[in-house]
Amino acid sequence: MKLTALLSFLPLALIAAEKPNIVLIYADDLGFGDVSCNGATAVQTPNIDRIAKEGINFTAGYATSATCTPSRFSLLTGKYAWRQEGTGILPGDAALIIDPAQPTLPGALKKAGYRTGVVGKWHLGLGGQEGVNWNQPIERSPNAVGFDFSHIMAATGDRVPCVYVEDGKVVNLDPADPIEVSYKTPFPGLPTGVSHRQDLKLDWSHGHNMAVINGIGRIGYMKGGTKALWKDEDMADHFSAQAVRFIRESKDKPFFLYFALHDPHVPRVPHPRFVGKTTMGPRGDVIVQADWQVGEVLKALDELRLAENTLVVLTSDNGPVIDDGYKDEAVKELGTHKPAGPFRGGKYSLYEGGTRVPTIARWPARVKPGKTSAAVISQIDFPKTFAAIAGAEASFPDSHDLSAALLGESEKGRDEVIEHAGQLAIRSGDWKFIPAGQGAKRSKATDTELGNEPTGQLFDLSKDPGEKTNVATAHPEKVAELKAKLEAVR
Ligand code: NG6
Ligand code: CA
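Residues numbered from 1 in each chain as written. Chains lettered and ligands numbered in written order. Predicted model: local features only at pLDDT ≥ 70, side-chain atom pairs only at ≥ 80, totals over all residues. Heavy atoms only, no water.

- The name that an unreviewed UniProt entry assigns to the protein is Sulfatase-like hydrolase/transferase, with the source organism given as Luteolibacter arcticus.
- Entered under Sequence similarities (unreviewed entry) in the UniProt record, the comment concerning the protein runs "Belongs to the sulfatase family." (UniProt positions renumbered as here; feature names shortened; annotations may be inferred.)

Given below as structure tokens:
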């Protein structure tokens, strides 16, 4: 019998035994309602919508935390960040917080024969406890925790150092102009966002008044490295070119690309060709820019004829925020747009808006197109799930194999999901419980409802997805049950 004839008798699963490529596109601060396939109308995201149309769109996909560093830590290690000290939002000169000896998602895939790469925002620290010397090769980089290739920014767009780092080396560094970074003291003689506020091209609203790089105030001070500095306007082009480069260079092997977009995080500085693409000012425009980057990846997969056997997952590290520290018109121009969709709160919040994020997957060889799924899935499960899909042997402390749910073969996801924003909350079935919290109810700076109340809050998400009515007093037995479940995970 000819091979092709034989193949036609085999179940799809076996044909796909050729390991799929995996592309994880991780937006930064993109809210559930920020994409047109989840109902946005003030911004159009045709490329993200295409993933949904050709794949599966989840209505209950969760980031592990409501801020970046802990979500990314959990995503790559399958271990809840809150189990480890020092996994909050990191400064740009922090040491690597993933122990190179601990199992990681890229490490597991690499062992299974994948070429692994990360492009974009890292924010998990670099170097050891002695601090990073930016003028030398950095040994503890993503390449120490399972990535064959890395082309990253160390922390965030609003934190120094504002340079790209490839495989542990600052790109375009002139040895005659070495880089110095400090999160404590300014460098004498250099402008700051306070001393030169009137010259800034983007003013700050809170924080972001230390070093001035590319006319924008940042968190932290830096000196030198002039030739290596990024230009915010070009960052989306820069990173998408690197993502496409990685895909091209890996096309003959199964590969895993973790493409961590900067958009729509602050500072929101779109390339001129995206300026004015929405009526929402820069925040809307950089969502269009994020979508364009997704399109660049999809186009490369099409051109290389890799799309059929590539699992593409698009999601976000935490929910949306409007004013995150720059006067970029996001509040003024928001209009009726609902960045968190139907959910309450946003980035930094224990309410659903903090962690319930766009979660969309496409794998033409395996996933039926055009599906919507209400299965509860969390990014904590990506390591085990991706490993299972790749046929990799791996175990992670908190990660479950949810491949059946991710691939749309089952509506059954997690029974419980843990949400984290300073403290923990739990969703079990359709019940959501937030324990009593002493913290502020609302962040004055970002105007976000944080989820803290002096007494416990219970919501029935099936009737009340917007968490408007606290039914804790009416259901003491549910409160006790969820409290106990939360304690058991802790
Ligand atoms: C906050 C920053 C905010 C953002 C956030 C991290 C100030 C006042 N605010 O501390 O702008 O950078 O950290 O965002 O500095 S995250 O998406 O990387 O978690
Ligand atoms: Ca983020």
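1. A word on the overall build of the protein
Piece 1. Looking only at helices and strands, one finds 11 helices and 22 strands in the protein.
Piece 2. Expressed as lengths along the three principal axes of its C-alpha atoms, the size of the protein is roughly 75 × 65 × 45 Å.
Piece 3. The proportion of buried residues among the 490 residues of the protein is 60%.
Piece 4. Computing the positive centroid from 55 side-chain charges and the negative centroid from 59, the protein places the two 2 Å apart. (Helix = DSSP H or I, 4+ residues; strand = E, 2+ residues; numbered from the N terminus. Buried < 20%, exposed > 50% of the residue type's maximum accessible area, 1.4 Å probe, protein only. Lys, Arg positive; Asp, Glu negative; His and termini not counted. Charge placed at Lys NZ, Arg CZ, Asp CG, Glu CD.)

2. As for the pairing of strand β17 (residues 416-421)
Piece 1. A large share of β17 lies buried, amounting to 5 of its 6 residues.
Piece 2. Note: β17 against strand β18 (residues 423-428), 6 bridges, orientation antiparallel. Each residue of the ladder has a partner; that of Glu-416, found in β18, is Ser-428.
Piece 3. From the end of β17 to the start of β18, which pair antiparallel, there are 1 residue, and Gly-422 there has a positive phi angle of about 75°. (Pairing = 2+ DSSP bridges.)

3. A word on the coordination of the calcium ion (ligand 2)
The expected angle between donors at a tetrahedral four-coordinate metal is 109.5 degrees. At an octahedral six-coordinate metal it is 90 or 180 degrees.
Piece 1. The calcium ion (ligand 2) binds to the protein through Asp-28 (OD), Asp-29 (OD), Asp-317 (OD), Asp-317 (OD) and Asn-318 (OD1); the donor distances cover 2.2 to 2.7 Å.
Piece 2. Between the donor residues of the calcium ion (ligand 2), the gaps in sequence give the motif D-D-x287-D-N. With Asp-29 in the loop between β1 (21-27) and α3 (46-53) and Asn-318 in the loop between β13 (310-316) and α8 (352-355), this residue pair connects regions lying 289 residues apart in the sequence. Neither residue differs from the other here; Asp-29 and Asn-318 are each classed as buried. (Donors = N, O, S within 2.8 Å, 3.2 Å for Na, K, Ca; no water.)

4. Quick look at the site of ligand 1
Piece 1. Inspection of the region around ligand 1 gives 21 residues, with Cys-68, Asp-158, Arg-159, Asp-324 and Lys-347 positioned closest.
Piece 2. Take Asp-28: an N or O atom from its side chain is 3.4 Å from an oxygen atom of ligand 1.
Piece 3. Broken down by class, the residue content of the shell around ligand 1 amounts to 5 nonpolar, 8 polar and 8 charged. (Near = heavy atom within 4 Å. Polar contact = N/O pair within 3.5 Å; in protein donor to acceptor, adjacent residues only side chain to side chain. Nonpolar A, V, L, I, M, F, W, Y, C, P; charged D, E, K, R; others polar.)

5. A word on the pairing of strand β12 (residues 255-260)
Piece 1. Among the 6 residues of β12, 6 are classified as buried, and the element is accordingly described as predominantly covered.
Piece 2. Residue alternation in β12 divides its side chains into two sets, Phe-255, Leu-257 and Phe-259 and Phe-256, Tyr-258 and Ala-260, and both sets are buried.
Piece 3. Of the strand pairs in this sheet, strand β4 (residues 115-121) and β12 are connected by 6 bridges, and their pairing is parallel. Along β12, the bridge assignment pairs Gly-120 with Ala-260.

6. What about the packing of aromatic side chains?
Piece 1. Counted by the stated rule, this structure contains 14 aromatic pairs.
Piece 2. Note on Phe-32 and Phe-343: the rings are 5.1 Å apart at their centroids and 75° apart in plane angle, and the pair reads as edge-to-face. With Phe-32 in the loop between β1 and α3 and Phe-343 in the loop between β13 and α8, this residue pair connects regions lying 311 residues apart in the sequence.
Piece 3. A relative accessible area of 10% places Phe-343 in the buried class.
Piece 4. Seen in terms of ring centroids, Phe-246 and Phe-255 are 6.0 Å apart; in terms of plane orientation they differ by 90°. Their pairing is edge-to-face.
Piece 5. A relative accessible area of 1% places Phe-246 in the buried class.
Piece 6. One aromatic cluster in this structure is built from Tyr-26, Trp-122, Phe-147, Phe-256, Tyr-258, Phe-382 and Phe-386.
Piece 7. The residue whose ring lies beneath Arg-273 is Trp-292, and the NZ or CZ to ring-centre distance is 4.5 Å.
Piece 8. Over the ring of Tyr-351 we find Arg-344, and its NZ or CZ is 4.1 Å from the ring centre. (Phe/Tyr/Trp six-rings, centres within 6.5 Å; stacked < 30°, edge-to-face > 60°. Lys NZ or Arg CZ within 6 Å of the ring centre and 35° of its normal.)

7. Things to note about the UniProt feature "domain: Sulfatase N-terminal" (unreviewed entry) in the protein
Piece 1. In the numbering adopted here, UniProt assigns the feature "domain: Sulfatase N-terminal" (unreviewed entry) to residues 20-391.
Piece 2. Counted over residues 20-391, helix gives 20% and strand 16%. Its end C-alpha atoms are 10 Å apart.

8. Here's the deal with the nonpolar core
Piece 1. Core analysis: the largest hydrophobic core is formed by 111 residues, its most contacted members being Trp-122, Trp-134, Phe-256, Tyr-258, Leu-311 and Phe-386.
Piece 2. Ranked by residues supplied to this core, first place goes to helix α7 (residues 282-303) with 7 residues.
Piece 3. In this view, Leu-311 contacts Asn-21, Ile-22, Val-23, Ala-361, Arg-362, Trp-363, Phe-386, Ile-389, Leu-406 and Leu-407; residues no more than four positions away in its chain are not counted.
Piece 4. Judged by nonpolar contacts, the second largest core, of 12 residues, contains Tyr-80, Ile-380, Leu-424 and Ile-426. (Core = buried A, V, L, I, M, F, W, Y, C linked by side-chain atoms within 4.5 Å. Contact = heavy atoms within 4.5 Å.)

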